[in-house]
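Commentary on secondary and tertiary structure
Here is what each chain is made of, one letter per residue.
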Amino acid sequence: MLGHRLSEWCGHGPILEEDIALANIALDLIGQATLLLKLAGEVEGKGRSEDTLAYFREAIDYRNVQMLELPNGDYAFTIVRQFLFDVFSYHLLEELQKSANKELAGIAAKGFKEVRYHVRHSSEWVVRMGDGTEESHMRAQKALDHLWRFTGQMFEADGVDKLLFSERVGADVAAIQPKWRAVVEDVMKRATLTIPNDPPAMTGGRKGRHTEHLGHMLSEMQIVARSHPGAEW
Amino acid sequence: MSSAAATRESILEILAEVKDPELPMIDVVELGIVRDVTFDNGHLTVDITPTYSGCPAMQVIEKEIIASLAAHGFEDARIRTVYSPAWTTDWMTDAAREKLREHGIAPPHLVEVSDGGIAELVSLRRAKPTTQCPFCGSANTVEKSEFGSTACKSIHFCSACHQPFDHFKSF
């Protein structure tokens, strides 16, 4: 989901280095999603491939947190969202390396190394923009204020999550929240940005409830595969 | 060569003909992505591990390994992708590192062990190892971006010879 959103920046980045960085991060994320969806298809055992799961599922069947499907906005919005997600992903993949499922543990170990680079990139930019000019500070703060309401979804565990954790396959996402919060607070302080006091009110992304933006995004992401069923690339 | 006479070493020699499409001076064995070669009742299996999750070179490499083995008489060779342990640039041979340098790409440093603390996540607080310029050897270089022309490279600039250069990231 986020890999696709980031790919929309390709050719539109504010400077060449950032254009390249976001395309690289998008590639890593799409690569990680491919490996995870392939594994999910194998575990399900109904013959669905990673491409079937990515290109032929309806919006309601997606289980992503809503924050990731939101349109990119300005660069501050893209970077603040990236940072909030990267820190979560870093801690999630750190835990999943201990999974009883060896395939999942291996995929997590690989992704973990990639996400270390992503967090460093996004945290650096959050500090640079927050503690930068009046304009960049204002935009970063506005992005944080808007995004904060979505952040609770990353730590919502449903029955499947709880079962996977009890079987030592998945991670305890709720236990990640304090670690995530510590890093976010540290970086926001450096960036002179204020974390909103409001509780993260938006819920339900992991249950298949989405914003109106997901359908529009999927129509673009899925159109080639759906217009040419069976095509290979 | 018939499959009966094949050994692990002879297979590795064949695989050494397969180059990384994005770094054609390096072969897949010295890159460290060939993890094992096994025979089961005469059927050959090559274990490889991806470099980066989304590296587009991996699909090309798989096809070329299959083609190269087929050309040497191993038509039914199989590739198995293994993810654990995860690939690290520490597996790259010294010869491969030297070839990178000769081609203007600064080779990777040894991978730092993660301390798991917040400091390693926030770049501005990290002391980084010096990357030597592959052209003039100067240590007076600056990192321009941790993301470069491919997933595995970062962009640097040499303040001594004023030449931009790629660095194969320590990963």
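A few points on the structure. The structure presented is a predicted model; accordingly, all values stated were derived computationally and were not measured.

Looking only at helices and strands, one finds nine helices and zero strands in chain A. Against the 2.2 N^0.38 benchmark of 17 Å for 233 residues, chain A shows a C-alpha radius of gyration of 18 Å, consistent with a compact globule. Projected onto its principal axes, the C-alpha positions of chain A cover 55 × 40 × 30 Å. Looking at chain A as a whole, 39% of its 233 residues qualify as buried. Pairs at least 24 apart in sequence give 71% of the contacts found in chain A among residues at least 6 apart.

Turning to the sheet that holds strand β9 (residues 164-168) of chain B, a few remarks are in order. Residue and element names in this part refer to chain B. One open sheet holds the four strands; their spatial order is β6-β9-β8-β7, and the pairing between them is mixed. Two strands bound the open sheet, and with one partner strand each, they are β6 (105-106) and β7 (141-145). As paired elements, strand β8 (residues 153-158) and β9 share five bridges and run antiparallel to each other. Across the sheet, phenylalanine 157 pairs through a bridge with proline 164, a residue of β9.

Once that is clear, we can look at the interface of chain B and chain A. On the side of chain A, 32 residues touch chain B, which itself brings 20 residues to the contact. Residue classes in the side of chain B that touches chain A are distributed as twelve nonpolar, six polar and two charged.

The next subject is the environment of glycine 31 of chain A. With respect to the secondary-structure elements, glycine 31 of chain A resides in helix α2 (residues 16-44). Between the C-alpha atoms of glycine 31 of chain A and tyrosine 75 of chain A, which are 44 residues apart in sequence, the distance is 23 Å. Other than its neighbours up to four places away in sequence, glycine 31 of chain A contacts Tyr52, Ser53, Gly54 and Cys55 of chain B.

Turning our eyes to something else, we now look at the nonpolar core. All names here are of chain A. Counting 94 residues, the largest nonpolar core has Val80, Val87, Val126 and Ala140 as the members making the most contacts within it. Examining the composition of this core, we find that 13 residues originate from one element, helix α4 (residues 75-96), more than from any other. Discounting chain neighbours no more than four positions away, the residues touching valine 80 are Val126, Ala140, Ala143, Leu144 and Leu147.

Calculation criteria
- Throughout, a residue's number is its position along its own chain's written sequence, starting from 1.
- Chains and ligands are labelled by the order in which they are written, letters from A for the one and numbers from 1 for the other.
- Given that this is a predicted model, residues contribute local features only at a pLDDT of at least 70 and side-chain atom pairs are listed and counted only at 80 or more, while totals for whole chains, interfaces and linings are drawn from all residues.
- A helix here means a DSSP run of H or I that spans at least four residues, while a strand means a run of E at least two residues long, and both kinds are numbered starting from the N terminus.
- When we talk radius of gyration, it's over C-alpha atoms, and the globule rule is simply 2.2 Å times the number of residues to the 0.38.
- Residues with at least 20 neighbouring C-beta atoms inside 10 Å of their own are called buried, those with 12 or fewer are called exposed, and the rest are partly exposed, where every C-beta is derived from the backbone.
- Two residues form a contact once the distance between their C-beta atoms, set from the backbone, is within 7 Å.
- When DSSP finds two or more bridges between a pair of strands, those strands are recorded as paired.
- Residue classes follow a fixed rule: Ala, Val, Leu, Ile, Met, Phe, Trp, Tyr, Cys and Pro count as nonpolar, while Asp, Glu, Lys and Arg count as charged, and any other residue, Gly among them, counts as polar.
- The term nonpolar core refers to a group of buried residues, namely Ala, Val, Leu, Ile, Met, Phe, Trp, Tyr and Cys, whose C-beta atoms join them within 7 Å.

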